[in-house]
Amino acid sequence: MSAALPTSGREWHLVARPQGWPEASDFALREAPVNEPGQGRVLVRNLYFSVDPYMRGRMNDVKSYTPPFQLDRPMDGGAVGEVIASNADGIAVGDHVLHGKGWREYAEVPAEHAVKVDASIAPLSAYLGVLGMTGLTAYAGLFEVASFKEGDAVFVSGAAGAVGSQVGQMAKLKGASRVIGSAGSDEKVKLLTEEYGFDAAFNYKNGPVKDQLAEAAPDGIDVYFDNVGGEHLEAAISSFNVHGRATICGMIAQYNSTEPTPAPRNLALVIGKRLRLQGMLVGDHSALQPQFVDEVAGWLSSGALKYRETKVEGIEKGFDAFLGLLRGENTGKMIVSLDADR
């Protein structure tokens, strides 16, 4: 056990279910008591926590693949921090661990739900992104779900985001014939081609996605990694070659919609082109974890794989970070840093 533990810490609660775009009044930052960890548990001082698009769905009171956030209770999500008290074998005070109780300063978690991470291999925040759930999402979605093979032409939407930027680079590393990305600003487009090695990229705000994709991929595409949905999915269906495969990972363009979105309106093409459109949840692909960590750690150490993070400082900025993520204000993984609070 450790002495001189804090008596309280702050945590974000959902206090109302958003209608359309989340508003500040839907959330509250509240003080909560901090207690010694129970048997088989550890107390973690969070250093970083993740905000992710899927969290918007958990704010709705609907049955889904993951339970909704409860009102007037702390929200959760990926976090990494330092153990400050331990009542469990195998995890000591001073260890760094990855766990699922983010959105708060201090977390008491069962030891079996805390994974030790090594700060000497990569920065701790990387375990929330490129070496964490987002990295595995990119890896599994491209190689397992989309059945990527050497020579495929790949289109990625939301390509400057945490998942999309990794998908494009992984495809290049594995021999894609062409990688095209879409993003929401000219600055992000430049990042895709100049830093991440995409063959072509476009700003979807500069014109119809269908036209810009057709120009960027004159020979069509074989794989589409979908983080956006809507008009992007419709454009991909039009550009697909026969036997094209789409991984439907996210539809951020529709998360805050209160009315149904019309696109895609060309689903009939799925028949003639014999397309495969498959949804994915990263939790289905945990068996790939050892292979993923081994291969991606190698790419990181050699400099072959690059990544960006957008860090927002301070727990009080948690809602702002989440809203910024939904608006596309991040480049790479959006992370809330609590280290500066101390």
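Treat the numbers as computed from the prediction; the structure is a model and nothing was measured.

Caption draft 1: Region of interest: the overall build of the protein. Helix and strand content of the protein: nine helices and 15 strands. A globule of 342 residues ought to have a C-alpha radius of gyration of about 20 Å, and the protein, at 21 Å, matches this closely. Expressed along its principal axes, the backbone C-alpha trace of the protein runs to roughly 65 × 45 × 35 Å. Relative to its full complement of 342 residues, the protein shows a buried share of 51%. By sequence separation, contacts in the protein at least 24 residues apart represent 69% of the contacts at least 6 residues apart. Total accessible area on the protein stands at roughly 14900 Å², and carbon and sulfur atoms take up 50% of it.

Caption draft 2: Here's a closer look at the pattern of salt bridges. Going through the model one piece at a time under the given rule, you end up with 15 salt bridges. Between R45 and E82 there is a salt bridge, with the nearest N and O atoms lying 2.9 Å from each other. Of this pair, R45 sits in strand 3 (residues 41-50) while E82 sits in strand 4 (residues 79-86); the two residues are 37 residues apart in sequence, bridging distant segments of the chain. Taking relative accessible area as the criterion, E82 reaches 22% and is therefore assigned partly exposed. The closest approach of N and O atoms between E309 and K311, which form a salt bridge, is 3.6 Å. Exposure remark for E309: the relative accessible area of 25% places this residue in the partly exposed category. What emerges from the salt-bridge pattern is a single network uniting R10, E105 and E316.

Caption draft 3: View of the packing of helix 2 (residues 133-145) against helix 8 (residues 289-302). Contact geometry of helix 2 with helix 8 gives a least axis separation of 10 Å together with a crossing angle of 100°. Our classification of the angle between helix 2 and helix 8 gives roughly perpendicular. Packed against helix 2, whose contacting residues are G135, L136 and Y139, the element helix 8 presents Q289, Q291, F292, E295 and V296 at the interface. Tallied by class, the residues present in the contact of helix 2 with helix 8 amount to four nonpolar, three polar and one charged.

Caption draft 4: Representation of the sheet that holds strand 9 (residues 178-183) within the structure. The sheet built from six strands is open, its strands ordered 10-9-8-11-12-13 with parallel pairing. Only two strands of the sheet have a single partner each, and these edge strands are strand 10 (200-203) and strand 13 (276-279). Across the sheet, the mean angle separating the axes of adjacent strands is 15° when strand polarity is ignored. For strand 12 (residues 240-248) and strand 13, the ladder comprises four bridges, and the chain directions are parallel. Each residue of the ladder has a partner; that of R245, found in strand 13, is R276. Contacting strand 9 and strand 10, helix 4 (residues 186-194) crosses the sheet at an angle of about 175° to strand 10.

Caption draft 5: Spotlight on unusual backbone geometry. Its identity as a non-glycine residue notwithstanding, S147 has a phi of 50°, on the positive side. By secondary structure assignment, the location of S147 is in the loop between helix 2 and strand 8 (153-156). Located in the positive-phi region is R274, a residue other than glycine, with phi close to 55°. Within the fold, R274 resides in the loop between helix 7 (269-273) and strand 13. Here R274 falls in the partly exposed class, since its relative accessible area comes to 47%.

Caption draft 6: Expanded view of the pairing of strand 11 (residues 221-226). Counting buried positions along strand 11 yields six of six residues, so the element is predominantly enclosed. Across three bridges, strand 8 lies against strand 11 in parallel orientation. The partner of V156 across the bridge, within strand 11, is F225. Direction of pairing for strand 11 relative to strand 12: parallel, over a ladder of five bridges.

Caption draft 7: How the structure looks around helix 3 (residues 162-173). With 12 residues, helix 3 extends 17 Å from end C-alpha to end C-alpha; this agrees with the ideal 16 Å at 1.5 Å per step. Counting buried positions along helix 3 gives 10 out of 12 residues, so the element sits mostly inside the fold. Residues of helix 3 that are buried: A162, V163, G164, S165, Q166, V167, G168, Q169, M170 and A171. In this fold, the buried residues of helix 3 make contact with helix 2, strand 8, strand 9, strand 11, helix 8 and strand 15 (333-337).

Caption draft 8: Geometry of the environment of I315. Within the element layout of this structure, I315 appears in the loop between strand 14 (309-313) and helix 9 (318-326). For I315, a relative accessible area of 0% puts it in the buried group.

The rules behind the values
Residues numbered from 1 in each chain as written. Predicted model: local features only at pLDDT ≥ 70, side-chain atom pairs only at ≥ 80, totals over all residues. Heavy atoms only, no water. Helix = DSSP H or I, 4+ residues; strand = E, 2+ residues; numbered from the N terminus. Rg over C-alpha atoms; globule rule 2.2 N^0.38 Å. Buried < 20%, exposed > 50% of the residue type's maximum accessible area, 1.4 Å probe, protein only. Contact = heavy atoms within 4.5 Å. Areas by Shrake-Rupley, 256 points an atom, 1.4 Å probe, with all protein chains shown as cover. Salt bridge = Lys/Arg side-chain N within 4 Å of Asp/Glu carboxyl O. Axes fitted to C-alpha atoms, helices over the stretch in contact; angles between N-to-C directions. Parallel < 35°, antiparallel > 145°, perpendicular 65-115°, else oblique. Nonpolar A, V, L, I, M, F, W, Y, C, P; charged D, E, K, R; others polar. Pairing = 2+ DSSP bridges. Expected span 1.5 Å × (residues − 1).

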